[in-house]
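Structural features, examined
What follows is the residue order along each chain.
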Amino acid sequence: MSASTLSPTKQAQTTTSRTKYASGLSPDWLLPAVYFLILLFIAGIWFRYLEFSTKDTPKALGIIGIGILCSGCCSLLGCYLVLRRMSLIGDAISHAVLPGIAIAFYFTGQPYGIGIMLGAMALGMLTSFLTQSLHSLGRVSEDASMGVVFTSLFALGVILIQLWGPRAHLDADCVLYGDIIFTMNRTVPMFGHEVPRALLALVPAAVLTLGFIALLWKELKIVSFDPALAAALGIKVWLVHYLLMGMVAGVTVASFESVGSILVVAMLIVPAAAAGLLTDRLWQMLIWSLVIAAHSAIFGYLSAAALNTSAAGMMAVMAGVQFGGAVLLAPRHGLLSRWLRNLRLSVRIASEDTIGQLYRAEEAAALPAGSQLAAIRPSSAPVGIIGWLSRQSLRRKGLVATNAVGSTELTHQGRNAARNIVRAHRLWESFLEANFDLPSDHLHEPAERMEHFLDPDLQQQLDQQLAGRQIDPHGKAIPQGVAVPTSAERPLPG
Amino acid sequence: MSPILDIHDVTVAYQRKPVLWDVDLIIEQPQLAAIVGPNGAGKSTLIKAVLGLIPMASGSVQVLGEPVARQRKKIGYVPQRESVDWDFPVSVLDVVLMGTYGRLGWFRRPGHAEREWARQCLNKVGLSQFERRQIGQLSGGQQQLVFLARALAQKAEIYFMDEPMAGVDAATEQIIFELLRELRQQGKTIIAVHHDLRTVPLYFDWVALLNMRLVASGPVETTFTPENLRKTYGGRLAILDAAGEAMKAGSEAP
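Because the structure is a prediction, the values reported are computed rather than measured.

With respect to the overall build of chain A
The number of helices and strands found in chain A is 19 helices and four strands. Expressed as a percentage of its 494 residues, the buried residues of chain A come to 47%. Long-range pairs, those at least 24 residues apart, make up 70% of the contacts in chain A between residues at least 6 apart in sequence.

The structure is reproduced here in structure tokens:
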């Protein structure tokens, strides 16, 4: 069963990352949209397959909707926490708002609504303020002061709730773990309809979050990227900081009843961290984190229904699964693409080594017999999958061919490419000899590594530095460079 | 006519221990000025204190006759390249656009005019073809040029630059120098922390020698002398260190 919950996510991610490879020209919003729609399609099929009764369907959709609201708000703000390397302050705030909730409840008598949110926002800013002042006034390190502030406030909150809570159904368990399944049952009358109580907090939280990010888009961006410049430009860095902390606290508390404070932390950080791997634009990161958060909610609910377990818990698990997918498959920063880049580099190096050896063999054969220079270093052909791939690539590019007696030899094009490699090698050896205090038997190996990375431009610079030197330290001629279109494959960055 | 920069008796302290003592510095005319001194001399600290990024223990700063807080739109700043996260998800053009944020004020986003201006500034440093790149994909020298383009986008009168030529290759250093000289010719003042003593007389026409206190300041020809350099680099003043420690200890004593 768990396999079936994992595979749709993974398949869809493979598909989207392939799209990214294939179409560099696609508009930037296409990828998250494609990912969103594919997963939505899979979720739709799964939803039918789970066979909710007609009575349960609106309730199920309602719970999913509430899950999306919670995780969406959290993930958007979470992007800024992740970018500012403040992920743990989300953790701290989500715990420290508890006394704010208790106090607001004491005065309003309602365990939900705008009063609770304001109380929490005040405590969120207070947490951040106390942490900073404890750090700057006393001799307490920043992480220790954060630890002190949030645990003390959290403990205070637990006690206040136990003192005041019993009088009106506010219990610590609910605040900690939440209970998304029952959110649809707890309704309040509004505009003649029974509206889920959780929406009273979540809808304002969502509106506030979107408004906050839209209005303060440039301020949040510059304060996150370069706070020193922001301050020098006269932007009130501290104000933006405290507003962000207040928003995090507000959204946290709005999500409490549904997903609970512990899972809020997951929703603040995990979708945002995954989104950060998938793109290198801020607005795309926000969109990706929304999409990932939405699918965490959808698949979290569906898999919880299938496994008959905690929905909020499965939502956090699904965020984790998508994060794992991003780590593996992200287009530029993912493990898979890094592995492919390394493989491609290895193949290039192996092919270049092969043609370099063939060139040296030809060179030796052309020398008079018995010449000392005719001795070439013994070398083995590259073996294994990389060797095979390199031979395929050389043949495909037409750099080598099989001759009449069945052995491999360079084509005209291949000889030109090889000449450039050997030239790079010998230029580097000469450069090392001229500038480094190295014995002559230490020159070959560094040059063997460097020859693959010296493009024509660098070769020309070396040639100029060496004042047109013709002979390498081992007495062999440095061949002249040839313009070879096929070897224009530049060394890969990274 | 008020001086361009008037640093009056500025002392900066970390946890009550002064790291910069009573710096008094006046720049009357537009200059291409270098701040020079050994490691830990307080060069960056001075710039940050002038800009109000760290608090001053005492003293005051005026730019063009007014406190810094009222002249922000006339002040450009280039922080050290290492001070930001280059993996941040923004494009090169985004970073240059940030130079225009100060003029826009709260809530307003950069529009078409700002984009055009940012493109021009990017073009000035020769990085137009990279405008859509993520900033981490640039070389160190190119990143430094992006910071300079961003400073140009600020349209300031006086620029503070923290090591604008640190860690760049010779060709980029030349480009940066040409840019600074052009700014200077437009009547702007540049105050740059500089680390390479050999190039001070080449690039700058005014110099401030700093080592926990101002050792000397003035035109390069008269101030950048072996005698002054010896005073600047000939070790820290042991008595200043001891006095600083005494102040710190005094404030902590029971």
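Picking up after the structure, the text goes on.
A closer look at a nonpolar patch on the surface
All names here are of chain A. A contiguous nonpolar patch, built from W29, L30, W283 and I287 and spanning about 370 Å² of accessible area, is present on the exposed surface. Looking at where W283 falls in the secondary structure, it is placed in helix α13 (residues 282-307). Take W283: its relative accessible area is 35%, and that puts it in the partly exposed class.

Description of the domain arrangement of chain A
By domain assignment, chain A separates into domain 1 (50-332) and domain 2 (337-365 + 380-488). Centre-to-centre, using C-alpha coordinates, domain 1 of chain A lies 56 Å away from domain 2 of chain A.

Quick notes on the interface of chain A and chain B
Residue-level contacts link 30 residues of chain A with 33 residues of chain B. Of the roughly 2,800 Å² buried between chain A and chain B, counting both surfaces, carbon and sulfur atoms make up 65%. Of all residues in chain A, K218, F225 and L233 of chain A give up the largest surface area on contact with chain B, accounting jointly for 27% of the area buried on that side. In this structure, the connection of chain A to chain B is made through three salt bridges. The salt bridge partner of D85 of chain B is R85 of chain A, with a shortest N-O separation of 2.9 Å.

Remarks on the pairing of strand β10 (residues 214-219) of chain B
Residues and elements named next belong to chain B. Across five bridges, the pairing between strand β9 (residues 206-210) and β10 is antiparallel. Of the residues in β10, the one forming a bridge with A208 is S217. Hairpin connection, β9 to β10: the antiparallel pair is bridged by three residues, and M212 has positive phi, about 65°.

Some words on the packing of aromatic side chains
By the definition in use, this model includes eleven aromatic pairs over all chains. Look at W86 of chain B and F147 of chain B: their rings are 5.1 Å apart centre to centre, the planes differ by 40°, and that puts the pair in the tilted class. Of this pair, W86 of chain B sits in the loop between β6 (75-78) and α2 (92-97) while F147 of chain B sits in helix α5 (residues 140-153), and the two are 61 residues apart along the sequence. Residue classification places W86 of chain B among the buried positions, given a relative accessible area of 11%. Given a relative accessible area of 0%, F147 of chain B falls into the buried group. Each member of the aromatic cluster is reached from another via a ring pair, and the members are F225 of chain A together with W86, F88 and F147 of chain B. The ring of W117 of chain B has K155 of chain B lying over it, and the distance from NZ or CZ to the ring centre is 4.8 Å.

Looking at the sheet that holds β6 of chain B
Residue and element names in this part refer to chain B. An order of β6-β7-β8-β3-β9-β10 is seen for the six strands of this open sheet, with the pairing classed as mixed. The open sheet has two free edges, formed respectively by β6 and β10, since each of these has just one partner strand. Across the sheet, the mean angle separating the axes of adjacent strands is 15° when strand polarity is ignored. Relative to strand β7 (residues 158-162), β6 runs parallel, the two sharing four bridges.

Brief notes about the pattern of salt bridges
Residues and elements named next belong to chain A. On inspection of all chains with the given rule, the structure shows 20 salt bridges over all chains. The closest approach of N and O atoms between K218 and E219, which form a salt bridge, is 2.8 Å. An identical accessibility class is assigned to K218 and E219; each is buried. A single salt-bridge network, built from bridges that share partners, covers E363, R426 and D472.

So, the side chain of S75 of chain A
When you line up the elements, S75 of chain A lands in helix α3 (residues 56-83). Excluding its chain neighbours within four sequence positions, the residues that come into contact with S75 of chain A are M267, P271, A272, S289, L290 and A293 of chain A.

As for the sheet that holds strand β2 (residues 17-27) of chain B
Residues and elements named next belong to chain B. One open sheet holds the four strands; their spatial order is β2-β1-β4-β5, and the pairing between them is antiparallel. Each of the sheet's edge strands pairs with one partner strand only, and the pair in question is β2 and β5 (66-67). Bridge analysis of strand β1 (residues 5-14) against β2 gives seven bridges, and the strand direction is antiparallel. By the bridge assignment for β2, I7 is matched with L25. On top of the sheet, helix α1 (residues 43-50) reaches β1, β2 and β4 (58-63); it is set at about 115° to β1, its chief contact.

Conventions used here
- Residues numbered from 1 in each chain as written.
- Chains lettered and ligands numbered in written order.
- Predicted model: local features only at pLDDT ≥ 70, side-chain atom pairs only at ≥ 80, totals over all residues.
- Heavy atoms only, no water.
- Helix = DSSP H or I, 4+ residues; strand = E, 2+ residues; numbered from the N terminus.
- Buried < 20%, exposed > 50% of the residue type's maximum accessible area, 1.4 Å probe, protein only.
- Contact = heavy atoms within 4.5 Å.
- Patch = residues over 30% accessible without salt bridge, like charges linked within 9 Å, V, L, I, M, F, W, Y side chains within 5 Å.
- Areas by Shrake-Rupley, 256 points an atom, 1.4 Å probe, with all protein chains shown as cover.
- Salt bridge = Lys/Arg side-chain N within 4 Å of Asp/Glu carboxyl O.
- Domains from an automatic or database assignment.
- Buried area = accessible area lost by both parts, 1.4 Å probe.
- Pairing = 2+ DSSP bridges.
- Phe/Tyr/Trp six-rings, centres within 6.5 Å; stacked < 30°, edge-to-face > 60°.
- Lys NZ or Arg CZ within 6 Å of the ring centre and 35° of its normal.
- Axes fitted to C-alpha atoms, helices over the stretch in contact; angles between N-to-C directions.

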